Amino acid sequence: QVQLVESGGGLVQPGGSLRLSCAASGFAFWMYAMSWYRQAPGKERELVATVSTVGGTTKYADSVKGRFTISKDNAKNTMYLQMNSLKPEDTAVYYCNAVQSSWNHNYWGQGTQVTVSS
């Protein structure tokens, strides 16, 4: 069965750091484009960062460029989001997403809460 499980969220002070992990199972991880999304209360879910398949191309939302780094380890079927210089506006539930467009596959994790507050 397909599973995406996020971990690493929590409470952190402004300027602090967190590393989120997304553990994948039940599908061919390396064939999927992997992304992190986030959703704050009362707002729509937004794309934070994406890493492509074998090419490893990364893209970021303007709001997180220079602060967040997305990466993946195909051997471990795990994707990461290193978050530095965190701001209160980064507070949201962060979701892991896996897409293989040619097969119309789109999978989501359950989300992990990130709260940035002093």
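Below, the structure is looked at part by part. These numbers come from a predicted model, not from an experiment. (Residues numbered from 1 in each chain as written. Predicted model: local features only at pLDDT ≥ 70, side-chain atom pairs only at ≥ 80, totals over all residues. Heavy atoms only, no water.)

Some points on the overall build of the protein
Here's step 1: A tally of regular secondary structure across the protein gives zero helices and 11 strands.
Here's step 2: For the protein, the α and β elements follow one another from N to C terminus as β-β-β-β-β-β-β-β-β-β-β.
Here's step 3: Over its C-alpha trace the protein gives a radius of gyration of 14 Å, about what one expects of a compact globule, namely 13 Å for 118 residues.
Here's step 4: Dimensions along the principal axes, computed over C-alpha positions, put the protein at roughly 45 × 25 × 25 Å.
Here's step 5: Residues counted as buried form 40% of the 118 residues belonging to the protein.
Here's step 6: A sequence separation of at least 24 residues applies to 55% of the contacts in the protein between residues at least 6 apart.
Here's step 7: When the accessible surface of the protein is summed, it comes to about 6300 Å², and 48% of that surface belongs to carbon and sulfur atoms.
Here's step 8: Each charge class in the protein can be summarised by its mean position, and for the 10 positive and 7 negative side chains these summaries are 4 Å apart. (Helix = DSSP H or I, 4+ residues; strand = E, 2+ residues; numbered from the N terminus. Rg over C-alpha atoms; globule rule 2.2 N^0.38 Å. Buried < 20%, exposed > 50% of the residue type's maximum accessible area, 1.4 Å probe, protein only. Contact = heavy atoms within 4.5 Å. Areas by Shrake-Rupley, 256 points an atom, 1.4 Å probe, with all protein chains shown as cover. Lys, Arg positive; Asp, Glu negative; His and termini not counted. Charge placed at Lys NZ, Arg CZ, Asp CG, Glu CD.)

Examining the sheet that holds strand S8 (residues 78-83)
Here's step 1: One open sheet accounts for four strands, arranged S1-S3-S8-S7; its pairing is antiparallel. Every interior strand has two partners, whereas the edge strands, strand S1 (3-7) and strand S7 (68-73), have only one. With strand direction ignored, the average angle separating the axes of adjacent strands in the sheet is 15 degrees.
Here's step 2: Two elements, S7 and S8, share six bridges in a ladder whose sense is antiparallel. (Pairing = 2+ DSSP bridges. Axes fitted to C-alpha atoms, helices over the stretch in contact; angles between N-to-C directions.)

Remarks on the nonpolar core
Here's step 1: Core analysis: the largest hydrophobic core is formed by 30 residues, its most contacted members being Leu-4, Met-34, Trp-36, Met-79, Leu-81, Met-83 and Tyr-94.
Here's step 2: Residue assignment for this core shows that the elements contributing at least two residues are strand S3 (18-25), strand S4 (33-39), strand S5 (46-51), S7, S8, strand S9 (92-100) and strand S11 (112-116).
Here's step 3: Among residues more than four places away in sequence, those in contact with Leu-81 are Leu-18, Arg-19, Leu-20, Trp-36, Val-48, Ala-49, Phe-68, Thr-69, Ile-70 and Tyr-94. (Core = buried A, V, L, I, M, F, W, Y, C linked by side-chain atoms within 4.5 Å.)

Observations concerning the packing of aromatic side chains
Here's step 1: Evaluated as defined, the whole model comprises five aromatic pairs.
Here's step 2: Seen in terms of ring centroids, Phe-27 and Tyr-107 are 5.3 Å apart; in terms of plane orientation they differ by 55 degrees. Their pairing is tilted. Taken together, the residues Phe-27 in the loop between S3 and S4 and Tyr-107 in strand S10 (residues 105-108) connect sequence positions 80 residues apart.
Here's step 3: In textbook terms, an aromatic cluster arises when at least three aromatic residues are bridged by ring pairs, as seen for Phe-27, Tyr-32, Trp-103 and Tyr-107.
Here's step 4: The ring of Tyr-95 carries the charged tip of Arg-45 above its face, separated from the ring centre by 3.7 Å.
Here's step 5: Geometry around Trp-108 places Arg-45 over its ring, the cationic atom sitting 4.7 Å from the centre. (Phe/Tyr/Trp six-rings, centres within 6.5 Å; stacked < 30°, edge-to-face > 60°. Lys NZ or Arg CZ within 6 Å of the ring centre and 35° of its normal.)

What to know about the pairing of S9
Here's step 1: For S9, a buried count of seven out of nine residues is recorded, marking the element as mostly surrounded by other parts of the structure.
Here's step 2: Pairing of S4 with S9, which is carried by seven bridges, proceeds in the antiparallel orientation. Paired with Gln-39 across the two strands is Val-93, which belongs to S9.
Here's step 3: Note that S9 and S11 share three bridges and pair antiparallel. Bridge pairing links Ala-92 to Val-114 in S11.
Here's step 4: Of the strand pairs in this sheet, S9 and S10 are connected by four bridges, and their pairing is antiparallel. Within S10, the position partnered with Val-99 by the bridge is Asn-106.
Here's step 5: What sits between S9 and S10 in their antiparallel hairpin is a turn of four residues, with Asn-104 showing a positive phi close to 55 degrees.

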